[in-house]
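Fold and geometry: a report
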Amino acid sequence: MIDILLEVKNLHANAGDREILRGINLSVGRGEVHAIMGPNGAGKSTLSGVLAGKPGYEITAGEVTFDGSPLLEMSPEERSWAGIFLGFQYPTEIPGVTNTMMLKSALAAHRKAKGLGELSGADFLKLVNSKLSLVGMDRSFLSRGVNVGFSGGEKKRNEVLQMAVLEPQLAILDETDSGLDVDALRIVGEGVNSLRTKENAFIVITHYQRLLSYIVPDVIHVLYNGRIILTGGRELALEIEAKGYDWIIRENG
Amino acid sequence: MDRLTIGKGITRSETLLLRGGESRAWDITVCSGASLSLVIIALPGGVGKIDCDIAVQFEGEGGECQLKGLYLAGGSSNVNIKVNIVHNWPNCISRQLFKGIVAERARTLFFGLIMVPEKCIGTEAYQENHNLLLSDECIAQSLPQLEIYADDVKCSHGATFGRLGDEELFYMRSRGIPLDEARRLQMVAFAGEVLEGLPEETVSEALTALEMLV
């Protein structure tokens, strides 16, 4: 029996006056990787934003349960403590705040939420150093401003580094493949794969199947016009790659 | 009014820390080949009023003056910073960077005059004033004034008024950093450019004042 981690029921959400999500139903079990694919404007980024608690969306109907708790009532930081991680499509640059400062502060807040004390400086560095190698980053990244002047690939590797440090239960990767060359894609894919366990789950949001040849999904959903119109196995990605979305939209939209 | 003269060829660094209701007026002369670096930190507390007047002139060519400032104003406090730089000799350089974090009902004014008389060629004068506004009730004013009568000079000024970035805050919160801590980190980042290199006790006093504004 599958242990359900995330349950989305009939989720409707607006951005401004526009209804973007029009009744999403999605159930993700521990140990699973779900891919959400779909054309531009389908609502993919809105769904990831709503799940992570990004301001600017209005939930008009539906509910989301995460690990048994109602998710939509939680602040973004509470969702993070509960085990949700959003890998940004466009990671934000924060000049003046170093990677170390952010990781340290994030980890301390996570540990506090679990009733643990702050790590010593040495233990923190040991932990971060062990994760750096996962994504092929060297230590000099730590003292740089968060994502400031990073290339596309470096930004995405930095997302995986943060994920590796925070060890989320559910990672939502929003178009992690955008702007990546093949080498960066492989490093990011391998980084993600090394973090997969029987306990955690991934939602991989993507346009193309190329990321899915590195991070192999159990289930693929096609999102169109704010609804999941088709759910299938991993072979669906290849079919989409070959034939595009039009046929799916014709038959199911 | 205090007078300060930086003698020929001398390099000097000064920090001016103003707290509560302290005010200060400095009349500074930078002699030829001399270099002054002055950092002004204004911490008015909840109700203080700080007036800081800095006048700089040169006595000979090749003088350099770098002014940095940080004002952290909350409550109903008031900070007025006036800088008046007269490039009365050719080939002198001045650089100003003033940053303010303004919260609650505080009011701040930055007034900066750069005056370059005729024949003072080779002057370089730069001025920046950036303000971070944390409430709808606070008022931050910036009055840059450039009076340039000489040709062949490099002068620039810029003033900005901004708020904490929603995207940066959400990014940090999505990593589990509580909102207040995310705000504090962004404020520290904003102030960092002025604080870097200052003595530890000055930095820690400024950071404590900053925390009161979060």
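Criteria and thresholds
Sequence order sets the numbering: in each chain, residues are counted from 1 along the sequence as written. Written order decides the labels, with chains lettered from A and ligands numbered from 1. Note on the predicted model: pLDDT of at least 70 is required for a residue's local features to be given, and 80 or more for side-chain atom pairs to be given and counted; whole-chain, interface and lining totals, by contrast, use all residues. Only DSSP runs of H or I reaching four residues or more are called helices, and only runs of E reaching two or more are called strands; each is numbered from the N terminus. Atoms counted for the radius of gyration: C-alpha only. Globule rule: 2.2 Å times residue count to the power 0.38. Around each residue's C-beta, the other C-beta atoms within 10 Å are counted; 20 or more make the residue buried, 12 or fewer make it exposed, and counts in between make it partly exposed. All C-beta atoms are placed from the backbone. C-beta atoms are placed from the backbone for every residue, and two residues are taken to be in contact when these atoms lie within 7 Å. Following DSSP output, two strands are said to pair if at least two bridges run between them. Orientation is described by axes fitted as lines to C-alpha atoms, over the contacting stretch for helices, and by angles from 0 to 180 degrees between their N-to-C directions. Working definition: the nonpolar core is a set of buried Ala, Val, Leu, Ile, Met, Phe, Trp, Tyr and Cys residues, joined through C-beta atoms within 7 Å. Gly counts as polar in this scheme, as do all residues outside two lists: the nonpolar Ala, Val, Leu, Ile, Met, Phe, Trp, Tyr, Cys and Pro, and the charged Asp, Glu, Lys and Arg. Roughly parallel means an angle under 35 degrees; roughly antiparallel means over 145; roughly perpendicular covers 65 to 115; every other angle is labelled oblique. Two helices cross in a left-handed way if the nearer one is turned anticlockwise from the farther one by less than a right angle. They cross in a right-handed way if the turn is clockwise. As a per-residue quantity, pLDDT reports the predictor's confidence and falls between 0 and 100. The span one expects for a helix is its residue count, reduced by one, times 1.5 Å.

All right, on to the overall build of chain A then. A tally of helices and strands in chain A yields 8 helices and 12 strands. Its C-alpha atoms give chain A a radius of gyration of 18 Å, within 12% of the compact-globule value 18 Å for 253 residues. Each of the three principal axes of chain A carries a C-alpha extent, and together these read 55 × 40 × 40 Å. Counting the 253 residues in chain A, one finds 45% classified as buried.

This brings us to the overall build of chain B. Helices and strands together make up the secondary structure of chain B, namely 3 helices and 12 strands. The C-alpha radius of gyration computed for chain B amounts to 18 Å, which stays within 12% of the reference 17 Å derived for 214 residues, consistent with globular compactness. Overall, the C-alpha framework of chain B stretches about 55 × 30 × 30 Å when taken along its three principal axes. Taking as baseline every contact in chain B between residues at least 6 positions apart, the subset at least 24 positions apart corresponds to 80%.

Further remarks concern the pairing of strand 2 (residues 18-29) of chain A. All names here are of chain A. Sheet analysis places strand 1 (residues 4-15) next to strand 2, joined by 9 bridges and oriented antiparallel. Residue pairing for strand 2: leucine 11 is matched across the bridge by isoleucine 24. In sequence, strand 1 turns back onto strand 2 through a hairpin of 2 residues, with glycine 16 there showing a positive phi of about 65 degrees.

A word on the sheet that holds strand 8 (residues 93-102) of chain B. All names here are of chain B. Read across the sheet, 6 strands follow the order 2-4-6-8-10-12 without closing on themselves; strand pairing throughout is parallel. In this open sheet, the two strands that pair with only one neighbour each are strand 2 (11-19) and strand 12 (154-162). Pairwise comparison of adjacent strand axes, ignoring direction, gives a mean angle of 5 degrees for this sheet. Of the pairings in the sheet, the one linking strand 10 (residues 124-133) to strand 12 comprises 9 bridges and is parallel in character. Paired with leucine 132 across the two strands is glycine 162, which belongs to strand 12. Most of the contacts of helix 2 (residues 179-195) go to strand 8, to which it runs at about 155 degrees, and overall it touches strand 4 (35-43), strand 6 (64-73), strand 8 and strand 10. Sheet contacts for helix 3 (residues 200-211): strand 2, strand 4, strand 6 and strand 8; angle to strand 4, the most-contacted strand, approximately 35 degrees.

Here we come to the nonpolar core. Ranked by size, the top nonpolar core spans 80 residues in total, and within it Leu170, Ile172, Phe202, Ile203 and Val204 of chain A carry the most contacts. For isoleucine 172 of chain A, the residues in contact, after removing those within four places along its chain, are Ser48, Leu51, Ala52, Phe85, Leu86, Gly87, Ile203 and Ile205 of chain A. In terms of nonpolar packing, the next biggest core, distinct from the first, is built from 50 residues, Leu36, Val83, Cys92 and Phe110 of chain B among them.

Turning next to the interface of chain A and chain B. Tallying the contact residues gives 22 residues for chain A and 19 residues for chain B. Mapped by element, the contributors of at least two residues to the side of chain A that touches chain B are helix 2 (76-82), strand 7 (94-98), helix 3 (99-113) and helix 5 (152-166) of chain A. Of the residues forming the side of chain A that touches chain B, the biggest block, 6 residues, is contributed by helix 3 of chain A. Considered class by class, the residues forming the side of chain A that touches chain B number 14 nonpolar, 6 polar and 2 charged.

The next subject is the pairing of strand 5 (residues 49-59) of chain B. Residue and element names in this part refer to chain B. Burial of strand 5 is one-sided: the residues Ile50, Cys52, Ile54, Val56 and Phe58 facing one way are buried, the residues Lys49, Asp51, Asp53, Ala55, Gln57 and Glu59 facing the other way are not. Pairing of strand 3 (residues 24-31) with strand 5, which is carried by 8 bridges, proceeds in the parallel orientation. When the sheet's bridge partners are listed, cysteine 31 is paired in strand 5 with glutamate 59. Of the strand pairs in this sheet, strand 5 and strand 7 (residues 78-86) are connected by 9 bridges, and their pairing is parallel. Paired with cysteine 52 across the bridge in strand 7 is isoleucine 81.

Bringing the packing of helix 1 (residues 166-173) of chain B against helix 2 of chain B into the picture now. Residue and element names in this part refer to chain B. The interhelical angle for the contact between helix 1 and helix 2, taken along N-to-C directions, is 125 degrees, at an axis separation of 9 Å. For the element pair helix 1 / helix 2, the angle class is oblique. When you trace helix 1 past helix 2, the crossing you get is right-handed. Here Glu168, Leu169, Met172 and Arg173 of helix 1 lie close against helix 2, whose contacting residues are Leu179, Ala182, Arg183, Leu185 and Gln186. The class makeup of the residues in the contact of helix 1 with helix 2 is 5 nonpolar, 1 polar and 3 charged.

Fine structural detail should not be taken from predicted coordinates in areas where pLDDT scores are low. When pLDDT is averaged across chain B, the result is 97; 100% of the residues are at 70 or more. Of the two predicted TM-score estimates for the complex, the pTM is 0.92 and the ipTM is 0.96.

This brings us to the sheet that holds strand 2 of chain A. In spatial order, the strands read 2-1-4-5 (chain A); together these 4 strands make up an open sheet with antiparallel pairing. Of all strands in the sheet, those bounded by a partner on one side alone are strand 2 and strand 5 (69-70) of chain A.

On to unusual backbone geometry, then. Although it is not a glycine, glutamate 175 of chain A adopts a positive phi angle of roughly 45 degrees. Within the secondary structure, glutamate 175 of chain A sits in the loop between strand 9 (170-174) and helix 6 (182-195). Its 21 C-beta neighbours within 10 Å are what place glutamate 175 of chain A among the buried residues. Within the chain, asparagine 91 of chain B stands out as a residue other than glycine whose phi angle is a positive 55 degrees. Relative to the assigned elements, asparagine 91 of chain B resides in the loop between strand 7 and strand 8.

Moving on, we get to helix 6 of chain A. Residue and element names in this part refer to chain A. Taking 1.5 Å as the rise per residue, helix 6 with 14 residues should run 20 Å; its terminal C-alpha atoms sit 20 Å apart, in good agreement. For helix 6, the full list of buried residues reads Ala184, Ile187, Val188, Gly189, Gly191 and Val192. Buried positions along helix 6 lie against helix 5 and strand 10 (201-206).

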